[in-house]
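Structural overview for review
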Amino acid sequence: MFRKRNWILGASVVGAALCASGYIEAQSGTDAATVSVRWTQVERVSDTVPTTQILAHRFTLRTDPRHDALFRALKNLHTNDTRLQFWFSVTRCALPELKEPTATQTFWDFHCMDDLVADYYANTTGRHHINMGTIPRWMFKVPPVDVPSDPGATFYQYTDGTRGDLLRDPSGRQFAEYQVRLYEWYTRGGFTDELGKYHRSGHHYKIEYWDVLNEPDFENRITVEQYTKIYDAVTTAIHKIDPSVQFFAPEVSGAEIPWAKYFLNPKNHAAGSLPIAYFSFHNYVNAPNDPSTWHAKFFTDPISGPTDGVSAAGMVERIKEVKRIRDELSPKTKVIVDEMGTFDIVKPGEEACRANEPYKAFHPLYWNANGANWAVNFIIAERQGLPLISMSQMDGYETQCPSISMFDPDTQQPNAHYWALYLINENFGPGDKLATTDASTHDVVSQAAITHSGRKILLVNTTDKAVDVDLAGAYKPAALRVEVVDEKSGEEAPRHETINGQKVTLAPFAVAVVSE
């Protein structure tokens with residue numbers, strides 16, 4: 001990734017690292033990193049939407065005391081293409097048909113899902129992106145399990161023992177019929193069940209994007225060959241009732257290269273199947289709970305294995321390889337990353353999503369580093385022409401991927417991870433003209449853009465040290481406005497500063513926007 005124009009992140013350190021004061025301020029001296037911009041040289045026009053996702057979790061239950069604060073934070077983000085995911089691990093909120101229908105009775109129950117869908121639409125705007133991709137366990141040839149009665153209970157055991165070769169209907173048609181009923185419930189006012197009985201919902205939501213499963217190789221041990229049959233069945237069935245909806249697939253994390261080689265090949269799809277509009281994948285990179293490791297782990301480490309989560313440097317290579325395969329097999333397909341995050345491992349060997357760690361277990365600076373990683377990946381997505389990159393995730397807590405949360409459950413306030421997305425979404429987006437941007441160090445990642453509201457530079461400190469940045473090559477001497485997310489801003493909105501000069505100091509893992 002980033003050469004000196006930020007395409008290759010390296011390990012060089014800016015000359016004289018300053019004490020981390022948490023402030024952005026004018027600086028004197030000559031040791032600063034330099035960022036220069038050729039404003040008249042536009043490299044591309046961005047079409048990248050910065051966004052996020054919210055999951056069906058305990059906090060999204062209307063009875064939970066954190067519900068209102070969480071949705072208020074979501075509403076205040078103003079993101080487009082916001083994703084709503086019903087993940088299998090909070091099982092009662094993820095599946096409206098937990099029991100297999102009999103010859104005389106069906107067991108549909110949308111109560112938990114309906115509340116969340118209503119709250120999601122009430123607190124988001126623009127296009128909507130839905131994932132209801134959990135396959136009911138009874139569609140596999142496996143023993144049933146007792147699902148906890150608590151709708152907010154974590155229950156990873158729900159998918160235990162499931163495999164693609166154990167599906168009762170490997171053609172995917174049974175699951176496709178189930179997906180159609182979900183889609184009709186939320187968009188067509190109701191559906192006819194397996195026994196011919198009509199269930200009225202009264203819902204007529206507009207869904208622009210629909211995912212087909214979620215990380216199927218992980219959740220149900222489904223192979224790409226098995227998945228492709230399911231994808232064709234689902235998309236063909238839903239397209240018949242709504243030709244306008246677009247599908248995101250295959251929603252894998254780490255398997256994107258081998259899956260792209262098979263899934264993007266039209267020869268592997270059923271005759272008459274829809275063209276693949278979007279190839280979607282996820283990325284999560286692990287690091288220990290130690291700030292001194294985060295520069296390497298989150299930003300500069302090379303790819304360690306073909307299916308591992310990767311640093312920002314590795315992400316460039318992953319995207320380029322997926323695009324190369326796309327260009328060869330399915331040139332009109334768009335590539336997106338609709339889950340992007342970092343994992344902070346408090347106890348060695350602990351599985352990140354199942355970690356039973358309280359929010360306070362994570363180093364306070366971690367939430368800044370998490371936001372900085374996403375900010376750098378946003379720049380990568382813009383430069384690589386990805387139309388969407390999504391931050392994971394609004395809600396996380398013990399046993400539910402706690403280290404990717406954008407929300408502090410103890411204070412019920414958004415954290416620095418959230419505010420990094422807020423800052424970027426308020427300042428950048430599709431239509432921005434990306435100007436050629438050069439930096440003298442790999443520790444500061446930057447991108448200048450001519451936006452609808454003026455010329456701006458996004459700056460990211462990828463280190464756990466303060467870094468001086470000289471902007472003399474970007475702006476003429478004048479008062480500059482700076483918005484920053486850093487240690488000092490904490491769980492508050494980005495700080496606004498005015499500097500009289502052309503040098504700023506970025507605190508460790510700070511994300512800043514500079515404008516005239």
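Keep in mind the model is a prediction, meaning the values are calculated, not measured. In this numbering scheme, every chain counts its residues from 1 along its sequence in written order. Local features in this predicted model are restricted to residues whose pLDDT is 70 or higher, and side-chain atom pairs enter the listing and the counts only when it is 80 or higher, whereas totals over whole chains, interfaces and linings include all residues. In computing side-chain properties, one takes all heavy atoms of the structure into account and sets aside hydrogens as well as water.

Quick look at the sheet that holds strand β7 (residues 209-211)
The test is simple: Should DSSP find at least two bridges between two strands, the strands are regarded as paired. Starting at the N terminus, helices and strands are each numbered in turn, a helix being any DSSP run of H or I of at least four residues and a strand any DSSP run of E of at least two. Note on geometry: axes are lines fitted to C-alpha atoms, helical ones only across the stretch in contact, with angles between N-to-C directions running from 0 to 180 degrees. The contact criterion used throughout is that any non-hydrogen atoms of two residues lie within 4.5 Å.
In space, the 8 strands of this closed barrel follow the order β2-β3-β4-β7-β8-β9-β10-β11, with parallel pairing throughout. Each strand of the sheet is rotated relative to its neighbour by a mean of 25°, with strand direction disregarded. Two elements, strand β9 (residues 278-288) and strand β10 (residues 334-345), share 11 bridges in a ladder whose sense is parallel. Across the sheet, residue Tyr278 finds its bridge partner in β10, namely Lys334. On the sheet, helix α1 (residues 67-77) packs against β2 (49-55) and β3 (82-85) and is oriented at approximately 165° with respect to β2.

Here's the deal with the pairing of β2
Applied cut-off: Accessible area is worked out with a 1.4 Å probe on protein chains only. A residue is then buried under 20% of its type maximum, exposed over 50%, and partly exposed in between. Handedness of a crossover: with both strands directed away from the viewer, a clockwise path from the first strand across the helix to the second marks it as right-handed.
Most of β2 is tucked away, with 7 of its 7 residues classed as buried. In β2, alternate side chains face the same way, and those of Val49, Thr51, Gln53 and Leu55 on one face and Pro50, Thr52 and Ile54 on the other are all buried. Where β2 lies against strand β11 (residues 388-391), 4 bridges are found, and the strand directions are parallel. Along β11, the bridge assignment pairs Pro50 with Ile389. The parallel pair β2 and β3, bridged by α1, forms a crossover whose chirality is right-handed.

Observations regarding the sheet that holds strand β20 (residues 503-506)
Strand order in this open sheet of 9 strands is β19-β18-β21-β16-β15-β14-β1-β17-β20, and the pairing throughout is mixed. Edge positions in the sheet fall to β19 (495-500) and β20, since each of these pairs with one other strand and no more. Taken over all neighbouring pairs, the strand axes of this sheet differ in orientation by 30° on average, direction set aside. Two elements, strand β16 (residues 454-461) and strand β21 (residues 511-515), share 5 bridges in a ladder whose sense is antiparallel.

Interpretation in functional terms is not warranted from these geometric data alone.
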